[in-house]
Amino acid sequence: QQQVKQSPQSLIVQKGGISIINCAYENTAFDYFPWYQQFPGKGPALLIAIRPDVSEKKEGRFTISFNKSAKQFSLHIMDSQPGDSATYFCAASGPTSGTYKYIFGTGTRLKVLA
Amino acid sequence: DGGITQSPKYLFRKEGQNVTLSCEQNLNHDAMYWYRQDPGQGLRLIYYSQIVNDFQKGDIAEGYSVSREKKESFPLTVTSAQKNPTAFYLCASIPDSAGSVYGYTFGSGTRLTVV
């Protein structure tokens, strides 16, 4: 009930390609699904987030696709650039057991080749 | 600019020594969190605090202690009871924990190494 499963663990994409990272959650009470970007030696930074009342959210080259029935969401990075090389974490948040929980995926290390 | 400041950036601990990691925020956020990050693993919650003078254990609290005497500050002490403390430690905050629709603001982290 508390897990967020993220895949793949690592991803190599050519410059200009599409990077796709997937996450699956179990707790239907989750109501906020953010993605974080982390560069080496830095803290994660919020990249984009979605609520379950919409199926897609786009910000620039970054898009979240959300499938409520399948309890899955994914990050798409269009026109991937070498500067996008980082570790990406999905997360899910919502009320559970009387408090709000924030559960992170295990991360995807993305490398974009120039 | 508002944000979270973690210090030091690098910290070395000798066997049997307690060390304290600093976390300060000027965002006026109520809730603060400490996470541990190990290579190839996700973020694991150590402790969190929703209000001043109150804090709760996370998933891996053993060997750690915290205090929340001021809203702005949430220091983490890694005690000698923590047998494998080498990791990257991240402090984070959100405006309040009553609602879930907030993204975390993270600090830049402290890398702790046992020597």
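Report on the accompanying structure.

Quick notes on the overall build of chain B
1) Next: When its secondary structure is counted, chain B shows 0 helices and 11 strands.
2) Next: Each helix and strand of chain B, ordered N terminal to C terminal, gives the series β-β-β-β-β-β-β-β-β-β-β.
3) Next: For chain B, whose C-alpha radius of gyration is 13 Å, the value lies close to the compact-globule estimate of 13 Å for 115 residues.
4) Next: Taking the intrachain contacts of chain B between residues at least 6 apart in sequence as the baseline, contacts between residues at least 24 apart amount to 53%.
5) Next: Only carbon and sulfur atoms are counted for the fraction: they give 47% of the accessible area of chain B, which is about 5400 Å².
6) Next: When the 11 positive and 11 negative side-chain charges of chain B are each reduced to one mean point, those points stand 8 Å apart.

Description of the state of the cysteines
Residue and element names in this part refer to chain A.
1) Next: All chains considered together, the criterion is met by 2 disulfides over all chains.
2) Next: Each sulfur of the disulfide joining C23 and C90 lies 1.9 Å from the other. An S-S torsion of about -95° defines the bridge between C23 and C90 as left-handed. Here C23 is found in strand 3 (residues 19-25), whereas its partner C90 is found in strand 9 (residues 86-96), with 67 residues between them in sequence. The same class applies to C23 and to C90, which are both buried.

A short note on the sheet that holds strand 7 (residues 64-66) of chain B
All names here are of chain B.
1) Next: Pairing within the open sheet is antiparallel, and its 4 strands lie in the order 1-3-8-7. Each edge of the open sheet carries a strand with a single partner, namely strand 1 (4-7) and strand 7. Here the strands of the sheet are splayed against their neighbours by 20° on average, with no regard to which way each runs.
2) Next: Here strand 3 (residues 19-25) pairs with strand 8 (residues 76-78) via 3 bridges, running antiparallel. Across the sheet, the residue bridging to L21 is L76, located in strand 8.

Brief notes about the environment of G107(A)
Residue and element names in this part refer to chain A.
1) Next: In this structure, G107 sits in the loop between strand 10 (99-104) and strand 11 (108-113).
2) Next: Assessed through its relative accessible area of 6%, G107 is described here as buried.
3) Next: Each C-alpha atom, one on G107 and one on A86, is 9.9 Å from the other, the two residues being 21 residues apart in sequence.
4) Next: Other than its neighbours up to four places away in sequence, G107 contacts Q6, P8, Q9, T87, Y88 and F89.

Description of the pattern of salt bridges
When the charged atoms of two side chains lie near each other, side chains of opposite charge can form a pair.
Residues and elements named next belong to chain B.
1) Next: Within the structure shown, the criterion is met by 5 salt bridges over all chains.
2) Next: Of the charged contacts in the structure, one is a salt bridge between K71 and D30, with a shortest N-O distance of 3.2 Å. Placement of K71 in the loop between strand 7 and strand 8 and of D30 in the loop between strand 3 and strand 4 (31-37) is noted, with a sequence separation of 41 residues between them.
3) Next: A residue is classified by how much of its surface remains accessible, and K71, at 23% relative accessible area, is partly exposed.
4) Next: Note that R44 is salt-bridged to D38, the shortest N-O span being 2.7 Å.

Notes on the interface of chain A and chain B
1) Next: With 20 residues of chain A in contact, the opposing surface of chain B contributes 21 residues.
2) Next: Taken together, chain A and chain B are joined by 3 residue pairs in polar contact (both at pLDDT 80 or more).
3) Next: Those elements giving two or more residues to the side of chain A that touches chain B turn out to be strand 4 (33-38), strand 9 and strand 10 of chain A.

Observations regarding the sheet that holds strand 8 (residues 72-77) of chain A
All names here are of chain A.
1) Next: Read from one edge of the open sheet, 5 strands run 1-3-8-7-6, paired in antiparallel fashion. The open sheet is flanked by strand 1 (4-7) and strand 6 (56-59), the only strands paired with a single partner. Direction aside, the axes of adjacent strands within the sheet are offset by 15° on average.
2) Next: Judged from the 6 bridges that link them, strand 3 and strand 8 form a sheet pairing that is antiparallel. Bridge pairing in strand 8 links S19 to I77.

How each quantity is defined
Residues numbered from 1 in each chain as written. Chains lettered and ligands numbered in written order. Predicted model: local features only at pLDDT ≥ 70, side-chain atom pairs only at ≥ 80, totals over all residues. Heavy atoms only, no water. Helix = DSSP H or I, 4+ residues; strand = E, 2+ residues; numbered from the N terminus. Rg over C-alpha atoms; globule rule 2.2 N^0.38 Å. Contact = heavy atoms within 4.5 Å. Areas by Shrake-Rupley, 256 points an atom, 1.4 Å probe, with all protein chains shown as cover. Lys, Arg positive; Asp, Glu negative; His and termini not counted. Charge placed at Lys NZ, Arg CZ, Asp CG, Glu CD. Disulfide = S-S within 2.5 Å. Buried < 20%, exposed > 50% of the residue type's maximum accessible area, 1.4 Å probe, protein only. Pairing = 2+ DSSP bridges. Axes fitted to C-alpha atoms, helices over the stretch in contact; angles between N-to-C directions. Salt bridge = Lys/Arg side-chain N within 4 Å of Asp/Glu carboxyl O. Polar contact = N/O pair within 3.5 Å; in protein donor to acceptor, adjacent residues only side chain to side chain.

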